[in-house]
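Understanding the architecture of this molecule
So you can see what is in the structure, the chains are spelled out below.
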Amino acid sequence: MIQFTNTLTRAKQEFIPMEPGKVKMYCCGPTVYNFAHIGNLRTYIFEDTVRRMLEMNGFEVTHVMNITDVGHLESDADEGEDKMEKGAQREGISPWEIARKYEETFFNDLERLNIKRPTRTPRATEHVVQMIELIKKLEERGYTYTRPSGVYFDTSKFATYTELARLDLAGLQAGGGGRVDHNPDKRHPNDFALWVLNKPRHAMQWESPWGRGYPGWHIECSAMSMQYLGATFDIHCGGVDHIPVHNTNEIAQSEAATGCQFVRYWLHGEFLQMGESKMAKSADNFITLQTLVDEGYDPLAYRYLCLQAHYRSELKFSFESLDAATVGLRKVYATKAENDPLSSEQAFHDASEEVLAAINEDLGIPQAVGLLNRYSSYRLWTYFDAVMGLRFEERTQKAPETLPEDVAELARQRDAARKEKNWLLSDSIRQQLIELGYEVGDSPAGTTVKKRSL
RNA sequence: GGCGCCGUACCCAAGUGGCUAAGGGAGAGGUCUGCAAAACCUUUACUCAGCGGUUCGAUUCCGCUCGGCGCCUCCA
């Protein structure tokens, strides 16, 4: 039995897809105006394990992730400057080039983290027609009102607006501490733009029945998810920050348009904590995957770190814990194929049932990792790498490498020095080899040298 | 002002109404070694922020206090 904590009910529920054997899943993707940071990537790793776990259970998963390449306003206070344009100004290239550039680096990050490429990754700019159709439908059904600044969704017309986030609208309106900008065009503070009008400085614009403008940032997820997955689909994933606004609005506009349930299971990943606060692109305190690589870390060590924390708990990031994960993963890769502790079929079967049960209970990846470490079985690691995604076999079954000649020569010199008990020389050669990035050891056969894998 | 999350050993982090509170890292001791590295073995929370309550029994449920964080504006 598979169980997920469904944000809709705030309870663990058995997962049963609409169509036997098939799962339709949508995940909020990146806004491609800058590098993804490792906090963003934590969420994509979580979503990847959801998909992999479903596949291990025999489901055929259709995984859709949007690419947000339409710029949206920085805030209501900003006049016309959006993220895509901000990035474009920063780098002196067009918004379209910015979008393609960061889309590419995003996919590159996924690859390095061994995150499976989603089945489809539709771009918002290529689905403006579908968004307009959806807004038209909402307009026909009387859920919208149009003002000079745009077409808005009237949240007061959607009775279950507060359901997902359990919002207290009165409370939201009472406080705010000055953080909420009051847009005088909105009837209710929670109403949101479906189509934005009269922002001439905005670079990306399209014609629409309401005039030239661009889509509001929630509508793309509704339009694209329903196009590729249907009016109702099984799973929608995202970060916890999306619950009160983005996902809430997605539900409202989707269900108002179709009259049927939008998503059956909502799964939300918690944040990565950087020191005292969350990592944020706007705060400039973010670390990219490339930063980690530049510091000499293996992307999969970061993946391993993430696997050790439950997706619904905050994870405190530090280089100390990344170091710990690196050493830990190195030991995982050192698991020997010989003398497997689970040599009997019965033992292997029992152990894999135990690990799968952990994984299937609300994605208990951390417990599963704990079990895999405890069993320390090559067979078991190999089997469950389908979910863990640590490239276990690839990293453990590396073909014996051919050493560069200078390295081999140093090793020979060291053997000679050791034979003469010239410890001073042999130790200095060892140091040289280590600095070249090799692991050096002594065996009865002489110096052993191998490239450090991570 | 509203909504929500969290507080487990030096660090990261699982987990459970009651058998020995996972796992990883680090530390300590040992085997091995010319010395190391690696590996292996042993070891490290009578306790789960504090105080009350429910209970035969709570770290796990409830309340309060203290502390940390997130969202309510774009945000994974």
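Every chain is numbered independently, its residues counted from 1 as its sequence is written. Throughout, the order in which chains and ligands are written sets their labels, letters from A for the former and numbers from 1 for the latter. Whole-chain, interface and lining totals are the exception, using all residues; otherwise, since this is a predicted model, local features are given only for residues with pLDDT of at least 70 and side-chain atom pairs are given and counted only at 80 or more. The basis for every side-chain value is the complete set of non-hydrogen atoms in the structure, without hydrogens or water.

Section: the packing of helix 4 (residues 128-140) against helix 6 (residues 219-229)
- Orientation is described by axes fitted as lines to C-alpha atoms, over the contacting stretch for helices, and by angles from 0 to 180 degrees between their N-to-C directions. Only DSSP runs of H or I covering at least 4 residues are called helices, and only runs of E covering at least 2 are called strands; the numbering of each starts at the N terminus. Running from N to C, helix 4 and helix 6 cross one another at 100°; their axes reach a closest spacing of 9 Å. As far as their axial angle goes, helix 6 and helix 4 are roughly perpendicular. Listed contacts from helix 6 to Gln130, Met131, Leu134 and Ile135 of helix 4 are Ile219, Glu220, Ser222, Ala223, Met226 and Gln227.
- Basically, the charged four are Asp, Glu, Lys and Arg, the nonpolar ten are Ala, Val, Leu, Ile, Met, Phe, Trp, Tyr, Cys and Pro, and anything else, Gly included, counts as polar. For the contact of helix 4 with helix 6, the class distribution of residues is six nonpolar, three polar and one charged. The labels follow the angle: roughly parallel below 35 degrees, roughly antiparallel above 145, roughly perpendicular from 65 to 115, and oblique for the rest. Here, two residues are considered to be in contact whenever any of their heavy atoms come within 4.5 Å of each other.

Examining helix 2 (residues 83-91)
- Accessibility here uses a 1.4 Å probe with only protein chains present; expressed as a share of the type maximum, an area under 20% marks a residue as buried, one over 50% as exposed, and anything in between as partly exposed. Within the sequence span of helix 2, burial applies to Met84, Glu85, Gly87 and Ala88. Taken end-on, helix 2 shows its buried residues confined to a sector of 160°, consistent with a single buried face.
- Here the buried face of helix 2 lies against helix 3 (95-112).
- Directly after helix 2, the chain includes Gly92, whose backbone phi takes a positive value near 70°. Each C-beta atom gives one direction from the helix axis, and the arc is the one those directions make.

Remarks on the sheet that holds strand 9 (residues 233-239)
- Reading across the sheet, the four strands line up as 4-3-9-10 and stay open at both edges, with parallel pairing between neighbours. Two strands lie at the open edges of the sheet, namely strand 4 (60-65) and strand 10 (263-269), each paired on one side alone. Taking each pair of neighbouring strands and ignoring which way they run, the sheet shows an average axis angle of 20°.
- In the sheet, strand 9 pairs with strand 10 via six bridges, with the strands oriented parallel. By the bridge assignment for strand 10, Gly239 is matched with Gly269. Pairing between two strands requires that DSSP report at least two bridges joining them.

Brief notes about the environment of Ala416
- Summarising the element assignment, Ala416 is placed in helix 15 (residues 405-419).
- Placed 31 residues apart in sequence, Ala416 and Thr447 show a C-alpha to C-alpha distance of 10.0 Å.

With respect to the pattern of salt bridges
- When a carboxyl oxygen of Asp or Glu is within 4 Å of a side-chain nitrogen of Lys or Arg, the pair counts as a salt bridge. Under the criterion given, the structure shown has 26 salt bridges.
- With a shortest N-O distance of 3.8 Å, Glu19 and Lys22 are connected by a salt bridge.
- For Lys22, a relative accessible area of 34% translates into the label partly exposed.
- Between Glu103 and Arg100 there is a salt bridge; the shortest N-O distance is 3.9 Å.

Topic: the sheet that holds strand 8 (residues 213-215)
- Overall, antiparallel pairing links the four strands, which are arranged 5-6-7-8 in an open sheet. The strands lining the two open edges of the sheet, one partner per strand, are strand 5 (144-147) and strand 8. Between one strand axis and the next, the sheet turns by 20° as a mean value, whatever way the strands run.
- Alignment of strand 5 against strand 6 (residues 150-153), held across four bridges, turns out to be antiparallel. Residue pairing across strands places Arg147 opposite Gly150, the latter belonging to strand 6.

Comments concerning the nonpolar core
- Counting 121 residues, the largest nonpolar core has Leu54, Ile235, Tyr302 and Met388 as the members making the most contacts within it.
- Looking at this core, the element that brings in the most residues is helix 1 (residues 38-56), giving eight residues.
- Boundaries between domains were set according to an automatic or database domain assignment. Domain assignment of the residues forming this core places at least three in each of domain 1 (3-273) and domain 2 (322-396).
- Discounting residues that sit within four places of it in the chain, Met388 has contacts with Arg303, Leu307, Ile359, Ile365, Ala368, Val369, Leu372 and Trp381.
- Residue types Ala, Val, Leu, Ile, Met, Phe, Trp, Tyr and Cys, when buried and joined through side-chain atoms within 4.5 Å, form a set referred to as a nonpolar core. With seven residues, the next largest nonpolar core counts Leu410, Ile429, Leu433 and Tyr438 among its residues.

Comments concerning the pairing of strand 9
- Of all seven residues in strand 9, seven are buried; the element is thus mostly enclosed.
- Sheet topology note: the strand 3 (residues 22-27)/strand 9 ladder contains three bridges and is parallel. The partner of Met25 across the bridge, within strand 9, is Ile235.

Some words on the pairing of strand 7 (residues 192-197)
- The buried fraction of strand 7 amounts to five of the six residues, a majority that puts the element mostly inside the structure.
- In this sheet, strand 7 lies alongside strand 6 in antiparallel orientation, the contact comprising four bridges. Residue pairing across strands places Tyr152 opposite Ala193, the latter belonging to strand 7.
- Bridge count for strand 7 against strand 8 is three bridges, and the pairing is antiparallel.

A look at helix 7 (residues 243-258)
- Here the expected span of a helix is defined as 1.5 Å times the quantity of residues minus one. An ideal rise of 1.5 Å per residue puts 22 Å on 16 residues; helix 7 measures up with 21 Å between its terminal C-alpha atoms.
- Count one or two residues on from helix 7 and you reach Gly259, which has phi positive near 75°.

Some words on the state of the cysteines
- Cysteine sulfur atoms are paired as a disulfide whenever they come within 2.5 Å of each other. A complete count under the given rule lists zero disulfides for this structure.
- Summary of cysteine pairing: Cys237 is not part of a disulfide, and the nearest cysteine sulfur, belonging to Cys27, is at 4.0 Å.

Some thoughts on the domain arrangement of chain A
- Once the domains are mapped, chain A shows domain 1 (3-273), domain 2 (322-396) and domain 3 (405-451).
- Just the C-alpha atoms count here: the centres of domain 2 and domain 3 sit 33 Å apart.

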